[in-house]
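As a plain string of letters, each chain reads:
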Amino acid sequence: MKVEPGVAVQVVGLSVGWSQEPLLVDLSFEVRRGSIFAILGGSGSGKSTLFRHLIGLEAPLTGRVEIAGVGDPLQARGRPRFGVLFQSSGLLGSWTLGANLELPLRRWTALEPEEREAVVCARLGQVGLCGYQNHLPAELSGGMRKRGGIARALVLDPELVFLDEPGAGLDPVTAAQLDDLILTLNRNLGLTVVLVTHELASIERLVEDCILLDREEKGILARGDPRQLRVESPDPRVRAFFQPETLSTPAVP
Amino acid sequence: MEGVFRIACRESQGEAEVLFLEGRLGLEDLPWLRRELGGLPPPGDRVLDLGGLGVLEAGAAAVLLRWQAEAAAAGRRLLWRGGPPPVRGILDLHEGLPDPRALRPAPCRRGMLDTLGRATLQLVRDCGEILAFTGALTRAVLRTLRRPSEMQWRGIGGLVNRAGMDALPIVLLINFLIGMIMSFQSAVQLLKFGATVYVADIVSLSMARELGPFMVAVIVAGRSGAGFAAELGTMKVQEEIDALRTLGFDPYTFLVLPRILALAFVVPLLTVLAVAVGTLGGMVTAVARLDMAPAAWWNEVHSTMSGWDLCGGLIKALVFGATIGSVACMRGLATRGGAEGVGRSTTSTVVTILFLLVLLDAVITALFFQFEIGM
């Protein structure tokens, strides 16, 4: 299967989970190049599981994922063509931030140490962490670790990045700063961003296109521009996801 | 209104007993209220008048509803009336929640057959895990042989330092003491036959063939085996292994192989030193307690011990080192869950390694005996 022109990620007939109990069945969607695409859904809807299949860490029950320039991510070999930020940042805890960024450069490029250092410094500067290359991840705040993770995801200049809940566990100001960073990278570098989130503020600011997963449906409940889905979706579950304030909650005195 | 909880007064209204509650009803007031309710003459309804209640804590509301359900099951009624909106709100919030007794997990009674079946399935899963690990490790070895630059060679030095140099003091001390103990114990017996000179033979051969490699392996398993399993387990639960994969690194080439190689190098090296200090410890006892001259001791050792004895011990040490590294990495990479999962992996690593060390020791000794190597 070849990816259509203008498409960064194509998913066809994907079923994930366990053979006795599939979590998501027959998913098909595509991510346009240069867009910010979100995988949305409530807790337990399968967002993170789908994320792991998109980046080739798990084999699907049926169907397949195709990434432009990579093919099936499960079979991908050689220099990585996309970057990944994990929910817990995934930075190697016993390595400094600079060493974390230098690692893929050392493995996949023929740059001299000084040149690698320059790339690391520039990438860290891009995410506002210039001067932190000698810090261990444990010496950084949660938001800084996330930004460090994004810097490492970008260090090999990919055209596509996958971000798993970048704003999770961060205070609103730090989360907004991270959103700004993602937006800047998307606009300035033309980066395609696939992110998993349920932060409504981030969705409102960043996302142009999304799929909303549902545990009961075992699939996609809605797809499109979240701003349109918020007001125009005929499905009350979709409106409730985007406007939780409309849900009636018992008054607690 | 929000003062200390109390029953302001009681009234009999028809067949019902009405209790007028006042103040703040919290969890600590419930045992007393239960006694008061139970102490009223049965049968008949109990009615709680909540008009004077200032605050009803959420936990107390849940218990009141539970009492209501229990009373209904016993053919009686517990009712309430009145109450300010905040108090009614708390009760309404808990109304309609499922009975917690219905949510209790069903008692798990497993028969012997069921337990046996589960154990068999677990064994099959474990075997699958071992096969998958062996396959991935073989692939990593072949890949490294084809392209040695893919290996994290620079990391091996640090691992050797951690597993070897840091363990050196404890290895030397323990083996010195073992040598002393061996010497003393065998001297007690050999004295009866006037054959104390053979203490040197017993101590040196035991240290070279058995105790040296085994004791070093046990120490390395406890220190580095558990450490590697915990390290890789933590990396797994913190998604560091997944991150390595997405950066194009094979965890087996990057993490597992260097650790196995480091231990396969360190354990024989430590064994040589362990044999030397163990023999020295034996000599110290012999000199101090048996009046044996050091030269006589070393002459006896020299005439008894062949190169094959030491080689046999080193072969064992090599196998032990590789086994410790493999089991530790396999358990570490198989970690699931959070901190508890890391703890489980570490424990299981040490237990598995200790069992395998004894098993391998028996197998290798039998093979040496069969092929008359160093015998």
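Residues numbered from 1 in each chain as written. Chains lettered and ligands numbered in written order. Predicted model: local features only at pLDDT ≥ 70, side-chain atom pairs only at ≥ 80, totals over all residues.

## With respect to the overall build of chain A
Looking only at helices and strands, chain A features eight helices and nine strands. Expected size for 253 residues packed as a compact globule is a radius of gyration near 18 Å; at 19 Å, chain A falls within 12% of this value. Overall, the C-alpha framework of chain A stretches about 55 × 55 × 35 Å when taken along its three principal axes. For chain A, the proportion of contacts with a sequence separation of at least 24, taken over those separated by at least 6, is 62%. (Helix = DSSP H or I, 4+ residues; strand = E, 2+ residues; numbered from the N terminus. Rg over C-alpha atoms; globule rule 2.2 N^0.38 Å. Contact = placed C-beta atoms within 7 Å.)

## Section: the overall build of chain B
Helices and strands together make up the secondary structure of chain B, namely 13 helices and four strands. Expected size for 375 residues packed as a compact globule is a radius of gyration near 21 Å; at 35 Å, chain B overshoots this value by more than 25%. Considering only C-alpha atoms, chain B reaches an extent of 110 × 60 × 45 Å along its principal axes. Here chain B, with 375 residues, has 33% of them falling under the buried criterion. (Buried ≥ 20, exposed ≤ 12 C-beta atoms within 10 Å, placed from the backbone.)

## Topic: the sheet that holds strand β7 (residues 192-196) of chain A
All names here are of chain A. Strands sit in the order β5-β6-β7-β3-β8-β9 across an open sheet of six strands; the sheet is mixed. Looking at which strands have only one partner, the edges of the open sheet turn out to be β5 (82-85) and β9 (219-224). Shown here is a sheet whose adjacent strand axes are inclined to one another by a mean of 15°, direction ignored. Pairing between strand β3 (residues 36-41) and strand β8 (residues 209-214): five bridges, direction parallel. (Pairing = 2+ DSSP bridges. Axes fitted to C-alpha atoms, helices over the stretch in contact; angles between N-to-C directions.)

## Here's the deal with the interface of chain B and chain A
On the side of chain A, 20 residues touch chain B, which itself brings 16 residues to the contact. Of all the secondary structure elements, the ones that give two or more residues to the side of chain B that touches chain A are α3 (85-94) and α9 (240-246) of chain B. Per-element accounting of the side of chain B that touches chain A gives the leading share, six residues, to α3(B). Residues belonging to the side of chain B that touches chain A are distributed by class as follows: seven nonpolar, four polar and five charged. (Nonpolar A, V, L, I, M, F, W, Y, C, P; charged D, E, K, R; others polar.)

## Concerning the domain arrangement of chain B
Structurally, chain B comprises domain 1 (6-103) and domain 2 (121-370). Between the C-alpha centres of domain 1 of chain B and domain 2 of chain B the distance comes to 67 Å. (Domains from an automatic or database assignment.)

## A word on the sheet that holds strand β2 (residues 16-25) of chain B
Residues and elements named next belong to chain B. Within the open sheet, the four strands sit side by side as β1-β2-β3-β4. Their pairing is mixed. Unpaired on one side and paired on the other, β1 (6-13) and β4 (78-81) mark the two borders of the sheet. Pairwise comparison of adjacent strand axes, ignoring direction, gives a mean angle of 25° for this sheet. Strand direction decides the pairing type here: β2 and strand β3 (residues 46-56), joined by eight bridges, are parallel. Within the sheet, the bridge partner assigned to Glu 22 lies in β3 and is Gly 52.

## Concerning helix α7 (residues 168-190) of chain B
Counted at 1.5 Å a residue, the expected span for α7(B) with its 23 residues is 33 Å, and the 32 Å between its end C-alpha atoms agrees. Among all positions of α7(B), only B:Val171, B:Asn175, B:Ile178, B:Gly179, B:Met180, B:Met182, B:Ser183, B:Ser186 and B:Ala187 are buried. (Expected span 1.5 Å × (residues − 1).)

## Observations regarding the packing of α7(B) against helix α8 (residues 199-237) of chain B
Residue and element names in this part refer to chain B. At a minimum axis distance of 10 Å, the contact between α7 and α8 shows a crossing angle of 145°. Judged by the twist between their axes, the crossing of α7 over α8 is right-handed. Residue-level contacts link Ile 170, Val 171, Ile 174, Asn 175, Ile 178, Gly 179, Met 182, Ser 183, Ser 186, Ala 187 and Leu 190 of α7 to Val 199, Ile 202, Val 203, Ser 206, Met 207, Leu 211, Gly 212, Met 215, Val 216 and Ile 219 of α8. A per-class count over the contact of α7 with α8 returns 15 nonpolar, six polar and no charged. (Left-handed = near helix turned anticlockwise from the far one by under 90°.)

## So, the environment of A:Ala168
Residues and elements named next belong to chain A. Of note, Ala 168 is situated in the loop between β6 (160-164) and α5 (172-189). Judged by C-beta crowding, with 15 C-beta atoms within 10 Å, Ala 168 ranks as partly exposed. Along the chain, Ala 168 and Lys 146 lie 22 residues apart, while their C-alpha atoms are 9.6 Å from each other.

## A closer look at the confidence of the model for chain B
Overall, the prediction assigns chain B a mean pLDDT of 89, with 98% of residues at 70 or greater. What the predictor reports for the complex is a pTM of 0.78 with an ipTM of 0.86. (pLDDT = per-residue confidence, 0-100.)

## Brief notes about the pairing of β3(B)
Looking down a regular strand, the side chains alternate between one sheet face and the other. Residues and elements named next belong to chain B. Here β3 pairs with β4 via four bridges, running parallel. Bridge pairing in β4 places Val 47 opposite Leu 79. Tracing the backbone out of β3, into helix α2 (residues 58-73) and back to the parallel element β4 gives a crossover that is right-handed. (Right-handed = clockwise from strand over helix to strand, strands pointing away.)

## Some thoughts on the packing of helix α5 (residues 112-146) of chain B against helix α10 (residues 251-289) of chain B
Geometrically, a packed helix pair is captured by the angle between its two axes and the distance between the axes. All names here are of chain B. Closest axis-to-axis distance for the α5/α10 pair is 9 Å, and the angle between their directions is 95°. The orientation of α5 relative to α10 falls into the category roughly perpendicular. Contacts between α5 and α10 involve Ala 136, Leu 137, Ala 140, Val 141, Arg 143 and Thr 144 from the first element and Tyr 252, Thr 253, Val 256 and Leu 257 from the second. Taken together, the residues of the contact of α5 with α10 break down into seven nonpolar, two polar and one charged. (Parallel < 35°, antiparallel > 145°, perpendicular 65-115°, else oblique.)

## Structural notes on the pairing of β3(A)
Residue and element names in this part refer to chain A. Judged by how many residues are buried, β3 sits mostly within the fold: six of six residues are covered. Burial along β3 is two-sided: the residues Ile 36, Ala 38 and Leu 40 and Phe 37, Ile 39 and Gly 41 are all buried. Pairing of β3 with β7, which is carried by four bridges, proceeds in the parallel orientation. Paired with Phe 37 across the bridge in β7 is Val 194.

## A look at unusual backbone geometry
Glycine aside, a negative phi is what most residues show, and trans is what most peptide bonds show. Despite not being glycine, A:Lys218 has its phi angle at roughly 55°, a positive value. Here A:Lys218 is to be found in the loop between β8 and β9. Here the phi dihedral of B:Asp291 falls at roughly 55°; this positive angle occurs in a residue that is not glycine. Mapped onto the fold, B:Asp291 is located in the loop between α10 and α11 (294-304). Given 8 C-beta atoms within 10 Å, B:Asp291 falls into the exposed group.

## As for the environment of A:Arg205
Position of A:Arg205 relative to the elements: it lies in helix α6 (residues 200-206). The spatial distance from the C-alpha of A:Arg205 to the C-alpha of A:Asp180 is 8.8 Å, given a sequence separation of 25 residues.

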